[in-house]
Amino acid sequence: MFIFDAPYISDVAEAFLIESQAPLLKNEFSMESISNKANQVSEDEAIKELERQNFRWVYSNSENAIGWIVKTFGADSDLAKKIELFKNKGTFRKATATLFPDITFIEIPASEVETFTFDRVGSPFIIKPSVGFISAGVHRVNNSDEWETVRGDLLKETEETAKAFPKEVLSSTSFIIESIIDGDEFAVDAYFDDENKPVILNILHHKFSDEHDMSDRLYLTSAEIINTHRAPIEAFLCDIATLGDFRGLPFHAEIRIDAENTIRPIEINPLRFAGWCSTDIAHYAYGINVYDYFANKKTPDWPTILEASGTDTHAMAVIERPTPLSDNQRFDYDKLEESVSSVHALRKMDYRTFPLYAFLFFRVSPETSHELDMMLTLDPDAFVAS
């Protein structure tokens, strides 16, 4: 069962829905943005399908679907509780406290941001919305001076971005303050199978420009990344599975792996893979259509796939819109494409509505790997034309 909602559906996802005829909830977004050749079903039919599947094996491209699930089945339904366990960062930290006792955290309402002092923690921390998305309102704070700067803009920044999303996706009502998790950051698209075991569909290395960079700018995947980290990440996800029955649940996990190869979770986002269209990097890198693999309960033959994939690195760059454009300004997509040597695909976003210009999928060889550093520090304003 699929639920697609705003803000975006990729051509890869739409093609799968048409070809597979998998049941798709008919809603305002699907009627306006998805071909009528897809198998769009009514709410009553969707409810029956979910009941038939015991509320398992449901995928949404957008966390906007959470609101429909809660409204339709109630906040106390099993599916809503599973979503809440992962989606609410405070709930998730409490549920995993025994698994990761060295991660400390405090949850505070927005009303306490103004009076919260750095001394209450006394060491560097991360602050972010308890219910968040696309790194909005996420900051690293190293000392009291940095906290004064962050605190002054935190609520305004989060509230402004939250206007574009339902409250179930991004909210400025409460924040979680947690200890710094050291190590390299990775993102994992996966699902729990009928035996409650994780099936990994992709592993992405999340790159940052410096320690204060909390953006979603650049993600990389390669045979080396998958070969190095797949087995330990599977073991980590098996530990997560001990928290409950998650059979048929797709998810996007964000983790850190330190110098001792210890894995700790940043967050796990339920019901979806990497947001908007970014999960499609698996299609370009490995020929894995994640929607097909999930719907048909497929497990990648990683040894065969990686043997054929070569030594190239595949990248996905999120090009943010730092500030709204005036009516006479536009973003130069041609110039962006010309900035890298091998483009898989360029997905243009409605940057008048959302704080994003594009998702750029591209490939680098060992000889063109410098393009990754260039993309990491790219200034989006340099591509704005009048």
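Everything that follows concerns the structure shown earlier in this document.
Residues numbered from 1 in each chain as written. Predicted model: local features only at pLDDT ≥ 70, side-chain atom pairs only at ≥ 80, totals over all residues. Heavy atoms only, no water.

Moving on to the overall build of the protein chain. The helix and strand tally for the protein chain stands at 13 helices and 18 strands. Whereas a compact globule of 386 residues would reach a radius of gyration of roughly 21 Å, the protein chain reaches 20 Å, a difference of no more than 12%. In terms of principal-axis extent, the alpha carbons of the protein chain reach across some 55 × 50 × 45 Å. Within the protein chain, buried positions represent 56% of all 386 residues. Across the protein chain, the fraction of contacts at a sequence separation of at least 24, relative to all contacts at a separation of at least 6, is 65%. Carbon and sulfur atoms make up 46% of the accessible area of the protein chain, which amounts to about 16800 Å² in all. (Helix = DSSP H or I, 4+ residues; strand = E, 2+ residues; numbered from the N terminus. Rg over C-alpha atoms; globule rule 2.2 N^0.38 Å. Buried < 20%, exposed > 50% of the residue type's maximum accessible area, 1.4 Å probe, protein only. Contact = heavy atoms within 4.5 Å. Areas by Shrake-Rupley, 256 points an atom, 1.4 Å probe, with all protein chains shown as cover.)

Bringing the packing of helix α3 (residues 43-52) against helix α4 (residues 65-73) into the picture now. For the pair α3 and α4, interaxial distance at closest approach is 13 Å and the crossing angle is 85 degrees. In terms of orientation, α3 lies roughly perpendicular with respect to α4. Contacts between α3 and α4 involve E43, A46, I47 and L50 from the former and W68, T72 and F73 from the latter. (Axes fitted to C-alpha atoms, helices over the stretch in contact; angles between N-to-C directions. Parallel < 35°, antiparallel > 145°, perpendicular 65-115°, else oblique.)

Turning next to the nonpolar core. Soluble, globular proteins show a tendency: their nonpolar side chains are buried together. Counting residues in hydrophobic clusters, the biggest one holds 95 residues, and the most contacted among them are F2, F4 and F362. Excluding its chain neighbours within four sequence positions, the residues that come into contact with F4 are I9, A13, L17, L24, N27, F29, I34, Y59, N61 and Y291. In terms of nonpolar packing, the next biggest core, distinct from the first, is built from 15 residues, L25, I47, L50 and I83 among them. (Core = buried A, V, L, I, M, F, W, Y, C linked by side-chain atoms within 4.5 Å.)

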